[in-house]
There are 2 protein chains.
Amino acid sequence: MRLTAIAGGTGAAKLLRGLAAARPRDTLTVIGNTGDDAEIWGLHVSPDLDTVMYALAGRLDTARGWGLTGETFRCLEAMGDLGAQTWFNLGDRDLATHLHRTRALREGLPLSAVMAELCGRLGVAARVLPMSDEPVRTRVRTPDGWLSFQEYFVREKAQVQVLDVEYAGASQARPAPGVLEAICEAEVVVVCPSNPVTSVGPVLAVPGIADALTGARARVVAVSPIVGGAAVSGPAGALMRARGLSVSAVGVAAAYAPWLGTLVIDRSDTGRVAELARLGVEAVLADIVMTDRDREIALARVVLGSRSPVK
Amino acid sequence: MRLTAIAGGTGAAKLLRGLAAARPRDTLTVIGNTGDDAEIWGLHVSPDLDTVMYALAGRLDTARGWGLTGETFRCLEAMGDLGAQTWFNLGDRDLATHLHRTRALREGLPLSAVMAELCGRLGVAARVLPMSDEPVRTRVRTPDGWLSFQEYFVREKAQVQVLDVEYAGASQARPAPGVLEAICEAEVVVVCPSNPVTSVGPVLAVPGIADALTGARARVVAVSPIVGGAAVSGPAGALMRARGLSVSAVGVAAAYAPWLGTLVIDRSDTGRVAELARLGVEAVLADIVMTDRDREIALARVVLGSRSPVK
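Residues numbered from 1 in each chain as written. Chains lettered and ligands numbered in written order. Predicted model: local features only at pLDDT ≥ 70, side-chain atom pairs only at ≥ 80, totals over all residues. Heavy atoms only, no water.

Our focus in this paragraph is the overall build of chain A. Helix and strand counts for chain A come out as 13 helices and 14 strands. Compactness check: chain A gives a C-alpha radius of gyration of 18 Å against a globular reference of 19 Å for 311 residues, within 12% of the reference. For chain A, restricting intrachain contacts to residue pairs at least 6 apart in sequence, the fraction spanning at least 24 positions comes to 68%. Carbon and sulfur atoms form 48% of the exposed surface of chain A, whose accessible area is close to 11900 Å². (Helix = DSSP H or I, 4+ residues; strand = E, 2+ residues; numbered from the N terminus. Rg over C-alpha atoms; globule rule 2.2 N^0.38 Å. Contact = heavy atoms within 4.5 Å. Areas by Shrake-Rupley, 256 points an atom, 1.4 Å probe, with all protein chains shown as cover.)

To continue, consider the interface of chain A and chain B. Taken together, the contacts link 28 residues of chain A with 28 residues of chain B. With both chains or domains summed, chain A and chain B bury close to 2500 Å², and 60% of this area falls on carbon and sulfur atoms. Considering only the side of chain A, the residues that lose the most area to chain B are A:Arg74, A:Leu82 and A:Arg93, jointly responsible for 28% of the buried surface there. For the pair chain A and chain B, the interface holds four salt bridges. (Buried area = accessible area lost by both parts, 1.4 Å probe. Salt bridge = Lys/Arg side-chain N within 4 Å of Asp/Glu carboxyl O.)

Overlaying chain A with chain B gives an RMSD of 0.0 Å, the required rotation being 180° about an axis along which the chain moves by 0.0 Å. Here the transformation between the copies is reduced to the relation of a two-fold axis. In terms of proximity to the rotation axis, the leading residue of chain A is A:Asp92, whose C-alpha is 3.2 Å off the axis. Interface residue correspondence from chain A to chain B reaches 100%, placing this contact among same-surface, isologous pairings. (Least-squares fit on C-alpha atoms with pLDDT ≥ 70 in both.)

Quick look at the sheet that holds strand 7 (residues 145-148) of chain A now. Residue and element names in this part refer to chain A. In space, the three strands of this open sheet follow the order 7-6-8, with antiparallel pairing throughout. Every interior strand has two partners, whereas the edge strands, strand 7 and strand 8 (164-168), have only one. Direction aside, the axes of adjacent strands within the sheet are offset by 30° on average. (Pairing = 2+ DSSP bridges. Axes fitted to C-alpha atoms, helices over the stretch in contact; angles between N-to-C directions.)

In this section: the domain arrangement of chain A. The figure often quoted for interface size is the accessible area lost as the parts come together. All names here are of chain A. Domain annotation of chain A identifies domain 1 (2-135 + 175-305) and domain 2 (137-170). Just the C-alpha atoms count here: the centres of domain 1 and domain 2 sit 19 Å apart. On the domain 2 side, the residues contacting the 22 residues of domain 1 number 19 residues. Of the roughly 1800 Å² buried at the junction of domain 1 and domain 2 (both faces included), carbon and sulfur atoms supply 64%. If you sort the residues of domain 1 by the area they bury against domain 2, Trp-87, Pro-135 and Arg-243 come out on top, with a joint share of 31%. One can count zero salt bridges joining domain 1 with domain 2. Counting across the domain 1 and domain 2 interface gives six residue pairs in polar contact (both at pLDDT 80 or more). Looking at the side of domain 1 that touches domain 2, the elements with two or more residues in it are helix 8 (200-204) and helix 10 (236-242). Among the residues forming the side of domain 1 that touches domain 2, the class breakdown is 14 nonpolar, five polar and three charged. (Domains from an automatic or database assignment. Polar contact = N/O pair within 3.5 Å; in protein donor to acceptor, adjacent residues only side chain to side chain. Nonpolar A, V, L, I, M, F, W, Y, C, P; charged D, E, K, R; others polar.)

Structure, rendered in structure tokens:
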């Protein structure tokens, strides 16, 4: 089966690990968010792509939800001694990924080619595609001005008020090679339980991707990142509110309504089913909080089983 | 007292540590070799400048003679996993120096300004000046073609035949700010026991520096890196031979003859004194192999005591 997933970081990583374990022989293509890419110490860092890559390589630190397992932070300490900013945690082994990527990008390779090489080196069977090879940068407006996503999320720990969100560069960006084909040719398209505004939003802001989802022959299945009235993790609530979306499974469905077929929601959200139906979205109830590997695989099976026959 | 030292890497680091300990209140300016600078993983690495800086900061791994004490190599291992070249050993904490320098250089800062900032951060009281802010690259011709110095020295472990040595870029390079002043205004100029061809040679190849040494009011005192017919460490012998210099204290004096006043040589080389005198170089006999801190300080005292009255 050809699976294509649209993915942010931590939440996506869990479901993707579940999908890869549930259907190891299927072709899995991940379209990853690059809106939170950042330049740290002169290095090009792609946090969401790397979280997905490390998860699929079996190397993600699952307790933290980012970075490599068994990581050390000696270089970070030394950067602090030199007076550099150290709010963004780059581990010693993780640094190799960023050094490798930065050099390759400077040599003129597109990000998609760099990710293909990195995934190959780390033994990742899935294809991990950036949504675009061109820069798209999510920016968050706060009462004190615009911040990059990492400044907002990591440096400010998402503790500042969000007034607006923009995807700088999105209108000029093109989908990376293979992105539209992966959506059009998939038998199932999965939207991972990621932040609709700052993880999936940047992907949808790249011209052509939302249209491809609308025209996809496969049914599109999303997993809600919201249970009840709050995000399973991270600042999705505040960001959805800033974009005028209700913080609920219904708000998630509204963000994806034009092309969403099915939304997998938490069993506790059974009261939302009728409202989702009015948006044209079929609801599937499941245990969507993935607290261990078994639940990741169980949820992946629900997602794969919930697809309707090909349109 | 104003001391100015011309320095390569490991041997220089020992004498400089001795000079700094013997005369902690004196003004010490080091003019360092950048001919062996290299780009590793996209980072600008200045091995000789860093060896000197780390030594004067009390952080040099003295057993290895390069890098930081207590260093780890996690990033290097991960770079290997990604298929990168790993023959040049960059430690995790050391990486911070190279990341910091590379970003600053890309932002347009000259290397001399970057070194001043790094030395300040590491608590180095001495000034460590690169010989030039412009690139000069030592290249070694072997039967299989030209190699960069690091390819020759680290990758090939200096085990290939040397046919010739060149300092690419030297004729277009200018001394870094402060270099000529440091030579002209010094009360003692010390040429550290470094390789005359690939450590001191590139410094002398920068137009203006040899002339400044010739015109310096201070007597110039060098410490021989050669005892008997062999280098104390490293490939100086093969490189001197390739440049037509005899591998002896006399060969060292010949390389520096136009401006050298005094050469400190090993007690075992007493037979060379007359020959040195014929080159116009005064010989001072001492224990020049610095096997511990006490010997570093003792040799520094000999160097400082050997100066003749100001010309």
